[in-house]
Amino acid sequence: PSKLRYFLIKHIINFGLIDPILHDPFITKITCEGPELKLKVIRQDKELITNLEYKTATQLDEFIQKLATRKGKLLSERNPEVYLEFENFKITASLGIGENPSTFELERII
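Structure report, in brief.

Basis of the calculations
Residues numbered from 1 in each chain as written. Predicted model: local features only at pLDDT ≥ 70, side-chain atom pairs only at ≥ 80, totals over all residues. Heavy atoms only, no water. Helix = DSSP H or I, 4+ residues; strand = E, 2+ residues; numbered from the N terminus. Buried < 20%, exposed > 50% of the residue type's maximum accessible area, 1.4 Å probe, protein only. Salt bridge = Lys/Arg side-chain N within 4 Å of Asp/Glu carboxyl O. Polar contact = N/O pair within 3.5 Å; in protein donor to acceptor, adjacent residues only side chain to side chain. Contact = heavy atoms within 4.5 Å. Phe/Tyr/Trp six-rings, centres within 6.5 Å; stacked < 30°, edge-to-face > 60°.

## Looking at unusual backbone geometry
Here comes step 1: The backbone phi angle of Glu36 is positive, close to 65°, even though this residue is not glycine.
Here comes step 2: Mapped onto the secondary structure, Glu36 falls in the loop between β1 (27-32) and β2 (40-43).
Here comes step 3: Phi is positive for Gln44, close to 50°, though the residue is something other than glycine.
Here comes step 4: With respect to the helices, strands and loops of the structure, Gln44 is situated in the loop between β2 and β3 (46-49).
Here comes step 5: Owing to a relative accessible area of 46%, Gln44 belongs among the partly exposed residues under this scheme.

Written out as structure tokens, the structure is:
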């Protein structure tokens, strides 16, 4: 039951895949350049490539939509980009359209 609770909180209430790295106070930026690409972070002024990735475009789109929805924004092909601040992060995200993949960047507000 405790593992199930952890995963439910992590994926439904919190930020899913990236939730653990959000809790590292030394990480100042998280970048996703598309599905099937490893996430990059800036930690103590060094760029590091993580072992985390969104496996599919759908998975990445759902995450970006979740971010936007939390702040009352709706994304679509006509309005694919969102800029917002959430829990000490400045977030820039864009849904993929055509050949352009979905992307996001979270930067810690200091």
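## Points about the pattern of salt bridges
Here comes step 1: In this structure the tally under the stated criterion is six salt bridges.
Here comes step 2: Among the ionic pairs, Asp24 bridges to Arg43, the shortest N-O distance being 2.6 Å. In this pair, Asp24 is assigned in the loop between α2 (19-22) and β1 and Arg43 in strand β2, connecting sequence segments 19 residues apart.
Here comes step 3: Here Arg43 falls in the partly exposed class, since its relative accessible area comes to 28%.
Here comes step 4: In this structure, the salt-bridge partner of Lys90 is Glu107, at a minimum N-O distance of 3.9 Å. Linking Lys90 in strand β5 (residues 89-94) with Glu107 in strand β6 (residues 103-108), this pair joins segments that are 17 residues apart in sequence.
Here comes step 5: For Lys90, a relative accessible area of 42% gives the class partly exposed.
Here comes step 6: Classification of Glu107 as partly exposed rests on a relative accessible area of 28%.
Here comes step 7: Overlapping salt bridges bring together Lys38, Glu53 and Lys55 as one network.

## Here's the deal with the side chain of Asp24
Here comes step 1: Judged by relative accessible area, Asp24 falls into the buried class, the value being 18%.
Here comes step 2: Engagement of the side chain of Asp24 in a polar contact is seen with the side chain of Arg43, the distance being 2.6 Å.
Here comes step 3: Excluding its chain neighbours within four sequence positions, the residues that come into contact with Asp24 are Arg43 and Arg108.

## Description of the packing of aromatic side chains
Here comes step 1: Across all of its chains, the model carries three aromatic pairs by this definition.
Here comes step 2: Relative to Phe104, the ring of Tyr54 has its centre 5.9 Å away and its plane inclined at 80°; by these criteria the two rings are edge-to-face. With Tyr54 in the loop between β3 and α3 (57-70) and Phe104 in strand β6, this pair connects stretches of sequence that are 50 residues apart. A single burial state applies to Tyr54 and to Phe104, both of which are buried.

Any functional reading would require information beyond the geometric quantities listed.
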